[in-house]
Amino acid sequence: MQIVGLQAADGDWKYHRIENQEKLMRTMAEHDIVLGKDVQIGRFAMIGDGARIGDRCVLGEETVVDKKAVLDEGCILGKAAVVAEEARLGKDTQLGADAFIGRQTVVGQQVLIAENAQIGKNVTLGDGISIGRDTMVHDYSHVGDKVRLNDNVQMLKHADVGADAVVMSGARIATDVQVGPAAVVWLEQKVPAFSRIEPQVGAVAQNEVVFDKVNVYRGQGGAFFVRACYNGNWLPGQRMEEKDYSSLQGKRMTLNGIGNKYFGVAAQIQQPRGMHI
């Protein structure tokens, strides 16, 4: 166990050196705190009474694990991340800097939550989810397995996103919205309260991705070329057979990347421009 700096949530104990191991164990027993094997704790981290920290967990500087919170093995908390009272993180889940997990929220295994993402109270997050920067999931919402919530998404109270769905950057999902399994909420789309999004033409299969942006170019001889951006990386441009570029919205495309072939749908189509790429 590596204790760089640790203090209780009520502020009455603090340690900075591994030499304090014996006293630390005694104080942990007094506060009913359990630390697993090979746990690393950064300076000024705070752990509340009754908390459970599993094997191989890493708590960055100024992190907070509140009363009766549980971190399963292999969890990593970035600087100043907060896990509120009675919340639980599943195995190998990671929180970025300043991320917040609300009271009594349950997070599944192998979930990636980026910096400054805010998850409300009594939220349920499934396994294998990816949540982008500055995204907010409000109280009593549910997110299914392998969902991708991009940056700056807002999910209001009681929203439900089904497994394998994709919510693009800047989208806003209002109260009591249901997003069906494998459905897509498009870039900056505003979904009104009490509505339901079903998988349509742009539904994403398990072997597909959603391109962040697709640019269409008019090359020499009038042919169109398409170039897609995925996870911030532009793939090489390729000739397209379609003459009506507007029909690409939500259309499945196969694009070759460097050493990969991407099967996906387009979230945003740019007007044709430029010359041959």
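Residues numbered from 1 in each chain as written. Predicted model: local features only at pLDDT ≥ 70, side-chain atom pairs only at ≥ 80, totals over all residues. Heavy atoms only, no water.

1. Topic: unusual backbone geometry
What counts, and what does not: We count a stretch as a helix when DSSP gives it H or I for four or more residues in a row; a strand needs E for two or more, and each element gets its number in order from the N terminus.
In this model, Glu62 sits at a positive phi of 65°, which is unusual for a non-glycine residue. Mapped onto the elements of the fold, Glu62 is located in the loop between β8 (58-59) and β9 (64-65). In this structure, Asp92 takes a positive phi of about 60° despite not being glycine. Its location among the elements puts Asp92 in the loop between β13 (88-89) and β14 (94-95).

2. Examining the pattern of salt bridges
Oppositely charged side chains may form a pair once their charged atoms are brought near each other. Under the convention used in this document: Think of a salt bridge as a Lys or Arg side-chain nitrogen and an Asp or Glu carboxyl oxygen that are within 4 Å of each other. Buried means the residue's accessible area, taken with a 1.4 Å probe over protein chains only, is under 20% of the maximum for its type, while exposed means over 50%, and partly exposed covers the values in between.
Across all of its chains, the model carries 5 salt bridges by this definition. Between Arg88 and Asp72 there is a salt bridge, with its nearest N and O atoms 2.9 Å apart. Linking Arg88 in strand β13 with Asp72 in the loop between β10 (70-71) and β11 (76-77), this pair joins segments that are 16 residues apart in sequence. Given the relative accessible area of 39%, Arg88 is considered partly exposed. For Asp72, a relative accessible area of 23% translates into the label partly exposed. Salt-bridge contacts for Asp151 lead to Arg133; the nearest nitrogen and oxygen are separated by 3.1 Å. A residue pair is termed long-range when its members are at least 10 positions apart, and Asp151 in the loop between β23 (148-149) and β24 (154-155) and Arg133 in the loop between β20 (130-131) and β21 (136-137) qualify at 18 residues. For Asp151, a relative accessible area of 26% translates into the label partly exposed.

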